[in-house]
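# Understanding the architecture of this molecule
Take a look at the letters that make up each chain.
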Amino acid sequence: MRNQHISPVVLNTQYHDLQLLRRGKVRDIYDLGKSLLLVATDRISAFDVIISNGIPGKGYVLTQLSAFWFSELWKYNDLIPHHLISTEVESFPSICHPYIDSLRGRSTLVHKANPLPVECIVRGYISGSAWKEYRKQGTVCGQLLPEGLQESEQFPEPLFTPSTKATDGHDENISYATMEQLIGHDIATQVRKASLMLYTRAAKIALTRGIVIADTKFEFGIDPNTKQLVLIDEALTPDSSRFWPKDKLILGESPPSLDKQFVRNYLDTIGWNHCPPAPDLPSEVIQQTSEKYFEILSLFTKR
Ligand SMILES: Nc1ncnc2c1ncn2[C@@H]1O[C@H](COP(=O)(O)OP(=O)(O)OP(=O)(O)O)[C@@H](O)[C@H]1O
Ligand SMILES: [Mg+2]
């Protein structure tokens, strides 16, 4: 399965007949008129800085895993719509066909939306920056929590902790009230409800595969035609989530991760100050990161 899909590492894509809208940290976004083509490269970023090395197969894993979730979570027609049209390159508009081999596996055709200027984070377990803040002042993103939580403990209820979506630089946590000022009361209510529903449903599925989703981030947009809220971007990937093996979760400790945390930990052990340029990753770290991405894909999709 694996070798079949592993083309050489792709850091930048260039398709001359397609209009490149922009390059994100990970995805190259092409404007196809009625739709967008999101091409997930093998780029990896840490602390919002793109690293010069690519991770073999990463774009494939991100694309397949998001597609898995869009299909799995939308089985019962009870959620707001998502943006995905197809990941089957053969069904893409004909202008994409000359590039079909290079697009295969890593590309998603989506409905265009106007992205909301917020990132919607849901936390089920206390970890990372949330743990640091709680230990210092008993709050997580400003929300007061019961005393006595241990590192990696499950919250009594999942927390919705929005942040800004910085066009450059670092996203900043914001209160729910600030989010309401940014996107309006009605959309804020819908976004919060959808985020918590999506997380809760995904976390339940993940547990049946032996995986804890400690936290995750969603992005939403407004469909320009219907003016409805839609889920956009990627969903529940190792770039946007913290995944832990359930059987390795020990209260008071930080579990081994099946996500990008592995790279962040490496960069912290060598004392990088998080300012660009990022140091190169050694080949063992690249290889192990690639293996972790494939491992989480196979745990979820049983491939
Ligand atoms: N359906 C959609 N309509 C419009 N924009 C979308 C849609 N889905 C995803 N996007 C945008 O495409 C980009 C995806 O690329 P990528 O994940 O590389 O970006 P990022 O680095 O995470 O974000 P950014 O560069 O915006 O900080 C994001 O900016 C996301 O908001
Ligand atoms: Mg992104």
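From a predicted model like this one, the values you see are computed outputs, not experimental measurements. (Residues numbered from 1 in each chain as written. Chains lettered and ligands numbered in written order. Predicted model: local features only at pLDDT ≥ 70, side-chain atom pairs only at ≥ 80, totals over all residues. Heavy atoms only, no water.)

Splitting the chain by domain gives domain 1 (2-112) and domain 2 (115-260). The distance between the C-alpha centroids of domain 1 and domain 2 comes to 23 Å. On the domain 2 side, the residues contacting the 24 residues of domain 1 number 25 residues. Carbon and sulfur atoms make up 64% of the area that domain 1 and domain 2 hide from each other, which totals about 2100 Å². Where domain 1 touches domain 2, the interface holds three salt bridges. A salt bridge links Asp239 to Lys58, with the shortest nitrogen-to-oxygen separation between them at 2.7 Å. (Domains from an automatic or database assignment. Contact = heavy atoms within 4.5 Å. Buried area = accessible area lost by both parts, 1.4 Å probe. Salt bridge = Lys/Arg side-chain N within 4 Å of Asp/Glu carboxyl O.)

Neighbouring ligand 1 are 19 residues, the closest being Lys25, Val26, Arg27, His83 and Glu219. Lys25 is positioned such that a nitrogen or oxygen atom in its backbone is 2.7 Å from an oxygen atom of ligand 1. A distance of 2.6 Å separates an oxygen atom of ligand 1 from a polar atom in the backbone of Arg27. Look at ligand 1: alone it shows 600 Å² of surface, and the protein chains cover 89% of it. When residues of the shell around ligand 1 are traced back to their parent elements, those giving at least two are strand 2 (27-31), strand 3 (35-40) and strand 7 (107-111). Both of domain 1 (2-112) and domain 2 (115-260) provide at least three residues apiece to the shell around ligand 1. (Near = heavy atom within 4 Å. Polar contact = N/O pair within 3.5 Å; in protein donor to acceptor, adjacent residues only side chain to side chain. Areas by Shrake-Rupley, 256 points an atom, 1.4 Å probe, with all protein chains shown as cover. Helix = DSSP H or I, 4+ residues; strand = E, 2+ residues; numbered from the N terminus.)

Our next topic: the packing of aromatic side chains. Evaluation of the coordinates by the stated rule reveals 13 aromatic pairs. Centre to centre, the rings of Tyr15 and Tyr99 are 4.9 Å apart; their planes meet at 45°, and the pair counts as tilted. You can see Tyr15 sitting in the loop between helix 1 (2-5) and strand 1 (19-23) and its partner Tyr99 sitting in the loop between strand 6 (84-86) and helix 3 (100-103), a full 84 residues away along the chain. With a relative accessible area of 15%, Tyr99 lands in the buried category. Ring geometry for Phe243 against Phe300: centres 5.4 Å apart, planes inclined by 65°, an arrangement best described as edge-to-face. Linking Phe243 in strand 15 (residues 241-245) with Phe300 in helix 8 (residues 283-301), this pair joins segments that are 57 residues apart in sequence. Pair check on accessibility: Phe243 and Phe300 agree, each one buried. Among the aromatic side chains, those forming a connected cluster through ring pairs are Phe68, Trp69, Phe243 and Phe300. (Phe/Tyr/Trp six-rings, centres within 6.5 Å; stacked < 30°, edge-to-face > 60°. Buried < 20%, exposed > 50% of the residue type's maximum accessible area, 1.4 Å probe, protein only.)

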